Every structure is written in structure tokens, then in C-alpha cells.
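Close look at the chain arrangement
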2 protein chains.
Amino acid sequence: MTDATPRRRATIEDVAARAGVSRAAVSKVLRDAYGVSDAMRERVTAAMAELNYRPSIAARGMRGRTYTIGIELPDLANHFFDRIVRGAMGALAGTPYQLIIAPAETGTRRGFRALEALVDRQVDGLIAVSPRVDEDALDRIAASVPLVMFGRLDTSNQYDVVAGDDLGGARLALEHLFGLGHTRIAHLTLPDEDPNAPFPHSGRLREYLAGMAAAGLEPEVWHSDDGTDFAYRATREAIAAGTQATALFAAHDELAIGAMRAIAEADVEMAVVGYDDVPLASHPAFGLTSIDQPGERMGARAVELLLERFAGRTTAVREVFDVELKARASTRPSAG
Amino acid sequence: MTDATPRRRATIEDVAARAGVSRAAVSKVLRDAYGVSDAMRERVTAAMAELNYRPSIAARGMRGRTYTIGIELPDLANHFFDRIVRGAMGALAGTPYQLIIAPAETGTRRGFRALEALVDRQVDGLIAVSPRVDEDALDRIAASVPLVMFGRLDTSNQYDVVAGDDLGGARLALEHLFGLGHTRIAHLTLPDEDPNAPFPHSGRLREYLAGMAAAGLEPEVWHSDDGTDFAYRATREAIAAGTQATALFAAHDELAIGAMRAIAEADVEMAVVGYDDVPLASHPAFGLTSIDQPGERMGARAVELLLERFAGRTTAVREVFDVELKARASTRPSAG
DNA sequence: CTGAAAGCGCTAACAA
DNA sequence: TTGTTAGCGCTTTCAG
């Protein structure tokens, strides 16, 4: 018992033995709990270091906290989500929490399995980025773990929400194109997007339809699966089908980038506006006009909301972030 | 005991009570273990469904498996890693394993904390993408969990390796530029990259230096932190400092893309070759010549190696994937 | 084929 | 201030 432990990881028991104290004492030091003398703290800390002790998260999970925050992401290839993660990690620095990402599977109920996996792993807090999950499932999840939903347009009293102003953003995009004289403006969005659903893209679509209608213009909606490649194909097909659109408002930048590929290849003139303002949008090779959503700040805020919940807040919070149009070459007459 | 459970999650005990069997029986059904009658399986399955039962991963972790595979990633913004994750998820489909991603923190020993966090969470298998971690730490980790290292140039008998042919890839890049008549070729790589270290970028740097030397040419190495933005700045500075380079071999595509931004802004002529062939490289806005590494296949293979370990393999495996040059506009004389 | 029971490493009362 | 102890939910012998 007192000689070097073999291969296996040191446990709290080993540390206690090494330091000549009880397990409870070690646990208290670990958790910074009240009632430990400096002398004991020192001995325990030393023993932990010598044994290279690391607490088992599974064992901790059995009793409560796992010091883990999970984030479900729909698409790793979308740089906007990278902005969110970066912000979240920044806000987590200095706390004992670890961030883990569960990538959403594709298909219907996209993100549902990832969310479940995270709940099964007893994360202390959960951030979900627009999963295609029904309200009931969300409420059920929120009942067992603090949840922050990204981009929901509606309000819940079960979970917190961090969102951008999707309606305002869509309006900015549309007005920008109107100001440039465009009247035949297409909108590229995801499949089966319902303008009345509470998702970000639904809001953008809704506002697009409303704005076109208000201007007495005919809407033209293209659909594609998520991702640059699918957007490329959808746009290629729209062009092949003889679209008369002179401008395109894409539901997010990755879609816009895919669309630009088809536009470049077909060598047609079409102004493009994206959404999110991913870093690439400002690259001179693209010069993509986009609606800037402050992803880093939104990610950081999501983490803060979780930390507040840990600290005891029980009322739901909804935070909406302003967005901003960044005009670039993709919507300047000469740029095509 | 027999009426509806309140708010709390159903446990194996609840299922057993509901089905009128023992906990052990439920556990066996859960794990598909030997020795359960069809009748019992059916009753148990029904009870699980009725109670919406999901096993606690933490409790399972206490006794062994967590059905979780962890992957440490250095940079979410790099699309090559997305290729890897996509491949890994594909290989995991249909297995009971869940993939979780731990993003590496920045700074020295980048990725170390993420790796530790994953080990603390008792993942069943670990995939690490070029963390800046010393051999000892890796061996220690590999002693407690099956580990697949991405991109290591050296061989280990503690862990498996999946890598691309970095030396061959660098040679392809260099010869391509030589063939175009370039003699002043710069190489953009990460800071403190040691040509003799066992990392992918080290190998690319080493081969670059060797190739230039063999051709009797003067090497010119630029350094930047990882990421498009840093590459942009480094390139801008190199240009401002009056580099005579007519071509640039960037250690990966994200760096190349950042460099192209500086090149475009400064309006100079410089051929660019990247590495990885991320989807964006073939976008007409870039037309970036790149070395294609089959990221999806590599990610899938990494998962397979882990599954083989779970199945009992104990000898270390090292797999090297061929790479291929994709010539595009960025290295055609007219493209700059 | 089924059940009883030990125990994984930790936290949190409660006692001393 | 420190120690004792009862579980948390699951897997896994070992009996029946």
C-alpha cells in the first residue's frame, strides 16, 4: 500500500494514504471546500503531485458535477461555429470546466443524437446550435441540464437563448440589394425551411419573403442541403434552369461561397450577400458582402449564461445580438 | 416504486422493477450478453422504451467502457480536420461509439490539456492530431488508452500512427515549382518548427530545405502562428521586407489562403502551393494548387485502428497515405 | 437462464 | 478541523 502504485491511475485513496489523511480530506482539498488547515492542504497537494493524481470524471459524475460543458455543432466546416467555439473557450479559460464538442449527425432530427450523447455523459451545461429537435425534446433535456440554445427565434422558460437579430439581418441584406437597384433577388436556404419555424434560417426566409412582398416583387427561393458543395450544385442548377435573378441572398456564408463557385464557373453576373461574416468573407478573393454576427461574443455569452445557472439563476434569459452589414465587392456592380 | 418515476432519469433499477426482473438481467440485455431468453429480452426492451431509459455513461465508466472516442483537434478553423472528423464519423456509424472533440488550447504544449481532459473522461479510444506533446506524455497516455496519433513521422510501439507522406508531398510541391522555373521559393511554416522533429510540418520543412539545398538554391523560411490571419500578417511582412521570392510553399492550405490575401493586397506576383487540398482550394476564387491528403480516409482508418484495438490487437500499426499534387491557377504563370 | 452481491472512485452528510 | 460512511448506476463474477 505504501510503495509505488503499479500502472494504474492513482485514486483519491492512494493520495490519502500517501498523505496520511482520509479520503474526505483529499476530496475537500480537491474541491476547495471549507475546513482544511494549511498544513493538510499542503501535504495533500504534494501527494497529488507526486502520484500524478487526476480525479476520475466518471466517479465525480456519479455524485454530481463532471466539470464538462458540451456543445452540439451542426457543421464543423462552417466557420461561424468556429467563432462561437473560440468565444466559448475564451470564457471558459480560468474556470475548471472543459469544453467538448459533439458534431451533429446528418439527416432528420439533426443534432438529436449528439445532444442525447452529451446528456448521457452528464455534462454540467449544454450549448446547442440550432438542432432540428422538437420543443418537447428540448424541454426534456433542459429539465435535466442547463441548456443554452443558439439562434432560437422564440422564447422558452426552460432554457436560455442566445441569438442574432435574424429578421433585422435579413432586412439589411435585402435593403442593401434594393439600394443597388436589384429587383430579381433569389434566396438560397436549407431544404424544408419553414418560414414560421423558430430557427434562424426560418427567420431570414420569413423576412426575405415579407420584404419582397412589401416591395411588390416576386420571391425566388432555392433550396440546398447544408454545406458549400450542396449550395454550389443548387446554384448551378438554378442557373442552368435559366434563373433571371441578378442577386442572391444566401442564408449563410458557406452557402454563399458555394454559390459563388457556380456563378464564377457559369460566368454570369450575380450580386451575392451572405450571412455571418466568416473570416473568409473579407478575403480579397471573395470580397463577400455579409451580415456580421458577433459569434465570439455570442459564444462567450452562452458560457456565461451557463455559469450563471450553475451559480443558481433559475429564470430564463434571452439575449439578442445586433448584426451589421459589411458591404464588399460581391455586391458592387463591377464585381459580378 | 411501481408508479411513474418523477423527474429523475430512469435507472437500470427502475427498468428491472418495471420488467419484473433483476438488474443483472437488464444489464445483460443492454450489453447483448450471452444467456437471455427472448421473452426476457422483450420485456426488458419494452420497459426500457416505456421509461425512456438511457444508461448512465458515468456509471458505465466506473466499471469499464464509456463508448466514447475522443479526438483532439488543434484548430477547428482548418478544414482539413473537418475532413478527418467526417471520415471518423462515417467509420463510427453503426457502432455504439460516440465521437467527441476536444479543441486544443493555444500556447506551448498545445493540445496537452485537451488530451488530459479526454483521458480524465475515460474515453475508450483517443485520436490525437499533432499535439505538441513530448514522447513521455504520449507513452503515458497510450498506456492507459488506445491512442492513434495523426501525422507522426516516427514510429512508436505504444500507439498507432496514421500519417500522410509528408516528405513525398513536400517534394511534389517543390518539384512542381521547379518545373515552373521558380528558383526563389519561400516556405511558410509554424513558429519554432524544428526540421528534425517528428511532426508533419517538420517533415515538410525538412524536405523543403533538402530540396532547395540539392538544387543549389537558397532557402527562405517564413514563420507564422497557426491560422489564416497570422499567415496573412507574416506574408505581408515578408513582402514589406522586400522578399524576392516568386513562389511560396505554405505548410498547409489555411496558411496559403492567408498568404494569398497578403499577395493580393500587395498586388505582387507569387505562385502559391498549399497542402491538404481542403475543399476551398479548388474554389475558382482561389484555384490553389495543393497537395491532396485523403483526410476522410485517414480519419476513417484511425477509427478502424481503434476498433481493432478494442477487439484485441496489441501490436502497433503505422499507416502512411499517399498524397497527390493538384495543380491549379495559383501556380499558373498568369495567375499571380 | 436468472438473480444476489461486490465494488469501481468520488462527494457529502454526519460524527468525533 | 478531520474522519467515517453511505451511496451514485452500472458490470460482473458467482450461485442457484
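Residues numbered from 1 in each chain as written. Chains lettered and ligands numbered in written order. Predicted model: local features only at pLDDT ≥ 70, side-chain atom pairs only at ≥ 80, totals over all residues. Heavy atoms only, no water.

Per an unreviewed UniProt entry, the recorded name for chain A is LacI family transcriptional regulator, and the organism is Microbacterium kyungheense.

Concerning the side chain of A:Arg309
Residues and elements named next belong to chain A. One can find arginine 309 in helix α12 (residues 295-310). Within the structure, the side chain of arginine 309 is placed 2.8 Å from the side chain of aspartate 160, a separation counted as a polar contact. In this view, arginine 309 contacts Pro146, Gln158, Tyr159, Asp160, Thr314, Thr315 and Ala316; residues no more than four positions away in its chain are not counted. (Helix = DSSP H or I, 4+ residues; strand = E, 2+ residues; numbered from the N terminus. Polar contact = N/O pair within 3.5 Å; in protein donor to acceptor, adjacent residues only side chain to side chain. Contact = heavy atoms within 4.5 Å.)

A word on the pairing of strand β4 (residues 147-150) of chain A
Across a regular strand the side chains alternate sides, sitting on one face of the sheet and then on the other. All names here are of chain A. Neither face of β4 is left uncovered, since the one carrying Leu147 and Met149 and the one carrying Val148 and Phe150 both have all their residues buried. Across four bridges, strand β3 (residues 125-129) lies against β4 in parallel orientation. Among the inter-strand pairings, valine 129 is bridged to a residue of β4, identified as phenylalanine 150. Handedness of the β-α-β unit built from β3, helix α7 (residues 135-144) and β4 comes out right-handed. Bridge analysis of β4 against strand β5 (residues 160-164) gives three bridges, and the strand direction is parallel. Of the residues in β5, the one forming a bridge with methionine 149 is valine 161. (Buried < 20%, exposed > 50% of the residue type's maximum accessible area, 1.4 Å probe, protein only. Pairing = 2+ DSSP bridges. Right-handed = clockwise from strand over helix to strand, strands pointing away.)

Description of the packing of helix α2 (residues 23-31) of chain A against helix α3 (residues 38-51) of chain A
All names here are of chain A. Two elements in contact, α2 and α3, have axes whose closest approach is 10 Å; the angle formed by their N-to-C orientations is 90°. By the criterion of interaxial angle, the relationship of α2 to α3 is roughly perpendicular. Counted together, Ala25, Val26, Val29 and Leu30 of α2 and Met40, Arg41, Val44, Thr45 and Met48 of α3 form the full contact between these two elements. For the contact of α2 with α3, the per-class residue count stands at seven nonpolar, one polar and one charged. (Axes fitted to C-alpha atoms, helices over the stretch in contact; angles between N-to-C directions. Parallel < 35°, antiparallel > 145°, perpendicular 65-115°, else oblique. Nonpolar A, V, L, I, M, F, W, Y, C, P; charged D, E, K, R; others polar.)

Regarding the sheet that holds strand β9 (residues 271-273) of chain A
Residue and element names in this part refer to chain A. Read from one edge to the other, the open sheet built from four strands follows the order β7-β6-β8-β9, with strand pairing classed as parallel. Either end of the sheet is taken by a strand with one partner, and the two such strands are β7 (220-223) and β9. Within this sheet the neighbouring strands show an average axis-to-axis angle of 25°, counted without direction. Packing against the sheet, helix α9 (residues 200-214) makes contact with β6 (185-189), β7 and β8 (247-250), and its axis sits at approximately 165° to β6.

Comments concerning the interface of chain B and chain A
Of the residues lining the interface, 47 residues belong to chain B; the matching set on chain A comes to 47 residues. Across the chain B/chain A interface, buried area totals approximately 4000 Å², and carbon plus sulfur atoms make up 59% of it. In this assembly, chain B and chain A are joined by six salt bridges. When the shortest N-O distance is used, the salt bridge between B:Arg54 and A:Glu116 registers 3.5 Å. In this structure, the connection of chain B to chain A is made through 26 residue pairs in polar contact (both at pLDDT 80 or more). Of all elements in the fold, only α4 (57-63), α5 (79-92), β2 (98-103), α6 (112-120) and α11 (253-266) of chain B reach the threshold of two or more residues within the side of chain B that touches chain A. Taken together, the residues that form the side of chain B that touches chain A break down as 26 nonpolar, ten polar and eleven charged. (Buried area = accessible area lost by both parts, 1.4 Å probe. Salt bridge = Lys/Arg side-chain N within 4 Å of Asp/Glu carboxyl O.)

Some words on the pattern of salt bridges
Across all of its chains, the model carries 55 salt bridges over all chains by this definition. Here A:Asp292 ties to A:Arg83 by a salt bridge, and the two come within 3.2 Å at their closest N and O atoms. Within this pair, whereas A:Asp292 is found in strand β10 (residues 290-292), its partner A:Arg83 is found in helix α5 (residues 79-92), the two being separated by 209 residues in sequence. An identical accessibility class is assigned to A:Asp292 and A:Arg83; each is buried. The salt bridge involving B:Arg23 is made with B:Glu13; its shortest N-O contact spans 3.8 Å.

Section: the pairing of strand β6 (residues 185-189) of chain B
Residues and elements named next belong to chain B. The element β6 is extensively covered by neighbouring structure, given that five of its five residues are classed as buried. Alternating residues of β6 divide into Ile185, His187 and Thr189 and Ala186 and Leu188, and every residue in both groups is buried. Note that β6 and strand β8 (residues 247-250) share four bridges and pair parallel. Residue pairing in the sheet places histidine 187 in a bridge with phenylalanine 249 of β8. Of the strand pairs in this sheet, β6 and strand β7 (residues 220-223) are connected by four bridges, and their pairing is parallel. Residue pairing across strands places histidine 187 opposite valine 221, the latter belonging to β7.

Comments concerning the protein's contact with DNA strand D
The local shell around DNA strand D holds 26 residues, among which A:Arg63, B:Ile12, B:Arg23, B:Tyr53 and B:Arg60 are the closest. In the environment of DNA strand D, a base nitrogen lies 3.2 Å from a nitrogen or oxygen atom belonging to the side chain of A:Arg23. Here a phosphate oxygen of DNA strand D sits 2.8 Å away from a polar atom, N or O, in the side chain of B:Arg31. For the surface near DNA strand D, the leading source of residues is helix α2 (residues 23-31) of chain B, giving five residues. Classifying every residue of the surface near DNA strand D gives 13 nonpolar, six polar and seven charged. (Near = heavy atom within 4 Å.)

Here's the deal with the UniProt feature "domain: HTH lacI-type" (unreviewed entry) in chain A
In the UniProt entry, the feature "domain: HTH lacI-type" (unreviewed entry) is given for residues 10-64 of chain A. The annotated region residues 10-64 of chain A carries 69% helix and 0% strand content, and the separation between its end C-alpha atoms amounts to 21 Å. (UniProt positions renumbered as here; feature names shortened; annotations may be inferred.)

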